[in-house]
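Now for the letters of each chain:
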Amino acid sequence: MLEPDPHFAEFVAERGDALLRYGYVLAGNPHDAADLVQEALLKLRAAWPRLRRKENAESYARTTMARLHIAAWRLRRRERLVWDLPELEHHDQVPDGDEQRMWQAVAGLPRKQRAVLVLRYYEQLADAEIAAVLGISSGTVRSQAARALDKLRTAIPTEPMPRGNLR
Amino acid sequence: MNEVEETLRRTFGQAADQAPRLPALLPERLERVHRRRRRRTRVALATAAVVLIAGGTVAVVRGGDTTTAVPAAQSFSAKPAAPVEEVWPQAVEKIPAKGPGDRPWRAAALIDDRTAMMVASTADAGTAEAVYAYDLDKGVHREIATMPEPESGHGFAGGFTVGNGHVAWWSGTKERVAKLWTVPVSGGEPKLVGSQSIKEGDGSGIDELAIAGDQIVFSLYTGGVFTVPLAGGTVTPVEKGAGMHLLAWPWIGTPGQGGEPHGTAYARIQNVETGETRTSVTQPGENVRICGVTICLGRTAQGEGFFRHRDGSGYKAVAGQVAMMNPPTQDRFYPSAYGDGMPAGVGLYDLDTGASGDLGIRADGQPIPIPTTDPTGRLLSYPLGDQLYLIDLARIR
């Protein structure tokens, strides 16, 4: 029998939740996030024996997730989810009004634009790094980001709405 | 950062905290799914090219099923100054990338100096359908054999090799049996000459297959070297071949390339005809990835790539990263990616003379395919546009 790789198991145990948080920000819902993480980890598992530098494993998984997400890979999915999510303690709202409106506005963006924003403002990557992760040019990163930010500006009032108690 | 950007950053940060948690048993479940997928795809991988992905990950892929990896600032080999056909014009042939019926074909080996063995596949699944002899001087082909239908339970064919007037290959069945086939180069019906259970291990099947004299020699991904007569007969384990892999007959070695990371591939080899054994030398801190009969590829503790003789002599530093699934062919040539930070193209490099030629393969920001040689290590072949390049390394002196 092929032995499970203890280092891979360790990696999943240590970094799995962080990947799922990233997946959640990328996909916008827990089920797609779980799908993304599973698929990326399976690809990572397949590449594991040939990953020369294990410290790259997490970047590998994150890059795979971003690319899978924009490729709308679910259409080609080969496996059912290996876990179900009913037991998760999930609160479907982001606490504050501003953030909640933003979260909903982001949900209306095309996948690629959303991925660019997540990589820029959640992963804190530079445009050149985002270009490399997504396999697109830096120019495309900038134009996609600009377009997405424009949409968000339109969707969300820049100034907070006055709500009483104003002097 | 303006206000929208600031809100976005805050939103993502808070949203991340709302994500569910992973189940505790996930690693075990992933291993199970991984093994299942691997069994399904491995059999068809025999003919795949190596793909180098930016950031130092090498994966074997089939068809369009690529793996992506992190791009990182990293040095690669130096860009060759000229195309391979200008550097070694005597070695390079170009033929159409599609054969009869407009099906893609690839050059699997050389039958003789001027005849290539071609394997034609279905365009979609890449399933081998027929084998041809291609006359490089006249530019004409002749059919050697049509593959038995996969539907008849024989599975996909792979591991094509030629020698002693015969073509040999294997196919895996759903019942996890590897079937070994031959056909005379002059043409005919494929003949089933033997079978070997591949139920052990992950069911990946045969990792190396060659013709040696009047026998087929092969090894399993999980280890074990066997022979079967070309004329048909019993599959026999090679003495001292348990757990070993075919390297270049009569040399076999261990560990093989499959499975988990386990140190230098082919660190210990044995000549099954003379009994001579050789073990590779590794200095503390360095990582020797793979050895051929004579030459090993490794990296120093400082990350410098090198080629070196198995006995530790003949150190040669190489610039950048070399992605190799096989040892340098003829202990001399290796294909590698070049580029600045990201792989941009693929070159062919000669360790002996330092010469190099550009293969013409471009990355375009995608994983870059690096061609592998045929099992004899003599022929390097790859498609480029509507042409198939054939490089006969034996013609480079």
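Cut-off values and rules
Residues numbered from 1 in each chain as written. Chains lettered and ligands numbered in written order. Predicted model: local features only at pLDDT ≥ 70, side-chain atom pairs only at ≥ 80, totals over all residues. Helix = DSSP H or I, 4+ residues; strand = E, 2+ residues; numbered from the N terminus. Buried ≥ 20, exposed ≤ 12 C-beta atoms within 10 Å, placed from the backbone. Contact = placed C-beta atoms within 7 Å. Pairing = 2+ DSSP bridges. Axes fitted to C-alpha atoms, helices over the stretch in contact; angles between N-to-C directions. Parallel < 35°, antiparallel > 145°, perpendicular 65-115°, else oblique.

Turning our attention to the overall build of chain B. Within chain B one finds 3 helices and 29 strands. Counting every position in chain B, which comprises 397 residues, the buried fraction comes to 48%. Taking contacts inside chain B between residues at least 6 apart in sequence as the whole, the part at least 24 apart equals 43%.

Let us look at the sheet that holds strand β22 (residues 305–309) of chain B. All names here are of chain B. The strand order across the open sheet formed by 4 strands is β20-β21-β22-β23, and the pairing between neighbours is antiparallel. This sheet does not close on itself; its edge strands, each paired only once, are β20 (287–291) and β23 (316–318). Averaged over all pairs of adjacent strands, the angle between their axes in this sheet comes to 30°, without regard to strand direction. With 4 bridges connecting them, β20 and strand β21 (residues 295–299) associate as antiparallel partners. Bridge pairing links I290 to L297 in β21.

For the pair helix α5 (residues 111–122) of chain A and helix α1 (residues 3–16) of chain B, the least separation of the axes is 9 Å and the interaxial angle reads 90°. Taken together, the axis directions place α5(A) and α1(B) in an arrangement best described as roughly perpendicular. Contacts between α5(A) and α1(B) involve L117(A), V118(A), Y121(A) and Y122(A) from the first element and E5(B), L8(B), R9(B), F12(B) and A16(B) from the second.

Note: most residues except glycine have negative phi, and most peptide bonds are trans. Residues and elements named next belong to chain B. The linkage connecting W249 with the following residue, P250, adopts the cis geometry, with an omega of 10°. In this structure, P250 sits in the loop between β16 (245–248) and β17 (251–254). Each neighbour pair has its own omega, and for T254 with P255 the value is -5°, a cis peptide bond. Within the fold, P255 resides in the loop between β17 and β18 (268–271).

All names here are of chain B. Reading across from one edge, β24-β25-β26 is the order of the 3 strands in this open sheet, with antiparallel pairing throughout. Since the sheet does not close on itself, it has two edges, and those belong to β24 (333–338) and β26 (356–362), each with one partner. Sheet twist, expressed as the average angle between the axes of neighbouring strands with direction ignored, equals 25°. Where strand β25 (residues 345–350) and β26 come together, 4 bridges link them in antiparallel fashion. In the sheet register, G345 faces β26, and the bridge partner there is R362.

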